[in-house]
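Overview (structure and organization)
Listed below, chain by chain, are the residues.
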Amino acid sequence: MTTVTLIGAPTDVGASVLGASMGPDALRIAGIARALRGLGLQVQDAGNLHGPGNPQALPQDGFRHLDEVVHWNRAVFDAGAAALARGELPLLMGGDHCLAIGSISAVAAHCRARGKRLKVLWFDAHADANTPETSPSGNIHGMPVACLLGHGPHALSQLTGGTALAAGEIALIGVRSVDPVEKRFVAEHGIEVYDMRTIDELGMRAVMQAALEGVDGDTHLHVSFDMDAMDPSVAPGVGTDVRGGLTYRETQLCMEMLADCGCLASADLVELNPALDVRNQTAELAVDLLESLFGKSTLMRPR
Ligand SMILES: NC(=[NH2+])NCCC[C@H](N)C(=O)O
Ligand SMILES: [Mn+2]
Ligand SMILES: [Mn+2]
């Protein structure tokens, strides 16, 4: 049986809105471990990683808090790599989305060493594909996709001594806020993007079928879920909300289709901001979605 290892990374150093640092505890209070155990999974909570606080500094050379972001990502990388090496399924509880540089770099290194195919599904309102040259904010949580593809500060884009991902290994889903130069980055790299218009036009089922094409038993599937992918009316507890997001039903369908494919091997749940939440509802929603991702279904379904 798979052991799910919960890794808390209580930091918001990659963001300018404070509060995502409280994400791991909000997920614990919403009963994340109990919910997953209820599905028959083995769950261990590895506790919280440690790292520097948020200096709330102004951008320098196009980014803010690079040293702190590198420190946190090294810790996330080490914890993720150790869990994968033990044959566990690491579930990163963020924290802001800059932490996916560490978690996905660990996954990529793990896959390279084993000759495994890798697919990352990145659920987000944003493309997170800025570089220090193009970022309007200097916030590194707007840069992880570019870093993972080898662009951006060396300490992050080469966290493990090489580029983590090839453009064909990632697909973005739920996107609706892309900065002008990010648009060019996404187009030039030929990144697979299912923006909200595509989801409106094709429907979520067709979008997920396309995103999962070629994902099979030999594929390591990583889900990086930014809570702001969802519509702020159902998920208010996020720092960079954008209207017109995924509905509750659309997101449930995604999670159920991901569970059906049976390839999930690691995940991030990031950008949950309890300081902006209403009675912990966004954390409870996250736990609800994670249950579906890990196989909860309404009926017994033939496989
Ligand atoms: N992970 C996130 N919530 N990212 C928001 C990024 C917003 C904007 N594109 C920026 O670069 O600042
Ligand atoms: Mn994001
Ligand atoms: Mn986002």
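If you're wondering where the values come from, they're calculated on a predicted model, not measured in any experiment. (Residues numbered from 1 in each chain as written. Chains lettered and ligands numbered in written order. Predicted model: local features only at pLDDT ≥ 70, side-chain atom pairs only at ≥ 80, totals over all residues.)

1. Here's the deal with unusual backbone geometry
- Gly95 follows Gly94 through a cis peptide bond whose omega is 15°.
- Tracing the sequence through the fold places Gly95 in the loop between β3 (89–94) and α4 (100–114).
- Of note in the backbone geometry, Asp61 takes a positive phi value of approximately 55° without being a glycine.
- As for its position among the elements, Asp61 is in the loop between β2 (42–48) and α3 (66–85).
- Judged by the 10 C-beta atoms lying within 10 Å of it, Asp61 is exposed.
- Positive phi, close to 60°, is recorded for Asn280, a residue that is not glycine.
- Secondary-structure assignment places Asn280 in the loop between β8 (264–270) and α11 (281–293). (Helix = DSSP H or I, 4+ residues; strand = E, 2+ residues; numbered from the N terminus. Buried ≥ 20, exposed ≤ 12 C-beta atoms within 10 Å, placed from the backbone.)

2. Some details on the nonpolar core
- Within the largest apolar cluster, 96 residues are counted, with the highest numbers of intra-cluster contacts made by Leu27, Leu99, Ile101, Ile104, Leu269, Ala286 and Leu290.
- The leading source of residues in this core is α3, at nine residues.
- For Leu269, the contacting residues outside a window of four places in its chain are Leu27, Leu91, Leu92, Met93, Gly94, Phe225, Ala286 and Leu290. (Core = buried A, V, L, I, M, F, W, Y, C linked by C-beta atoms within 7 Å. Contact = placed C-beta atoms within 7 Å.)

3. Things to note about helix α10 (residues 248–261)
- In this model, α10 (14 residues) spans 20 Å end to end at C-alpha, consistent with the 20 Å of a helix rising 1.5 Å per residue.
- All of the buried residues along α10 are Glu250, Thr251, Cys254, Met255 and Leu258. Buried residues of α10, viewed axially, fall in a sector of 135°; they line one side.
- Among the structural elements, α8 (196–202), α9 (204–211), β7 (219–226), β8 and α11 are those in contact with the buried residues of α10.
- Within two residues after α10, Gly262 carries a phi angle of roughly 70°, on the positive side. (Expected span 1.5 Å × (residues − 1). Arc of directions from axis to C-beta.)

4. Let's talk about the UniProt feature "binding site: Mn(2+) 2" (unreviewed entry) in the chain
- Listed under "binding site: Mn(2+) 2" (unreviewed entry) in the UniProt record, and renumbered for this structure, are Asp124 and His126.
- With respect to the helices, strands and loops of the structure, Asp124 is situated in the loop between β4 (117–123) and α5 (144–148).
- The exposure class assigned to Asp124 is buried, which follows from the 27 C-beta atoms found within 10 Å.
- Not counting chain neighbours up to four residues away, the residues in contact with Asp124 comprise Leu172, Gly174, Val175, Asp226, Asp228 and Ala229.
- Take His126: it is sitting in the loop between β4 and α5.
- Taking the number of C-beta atoms within 10 Å as the measure of exposure, His126 has 25 and is therefore buried. (UniProt positions renumbered as here; feature names shortened; annotations may be inferred.)

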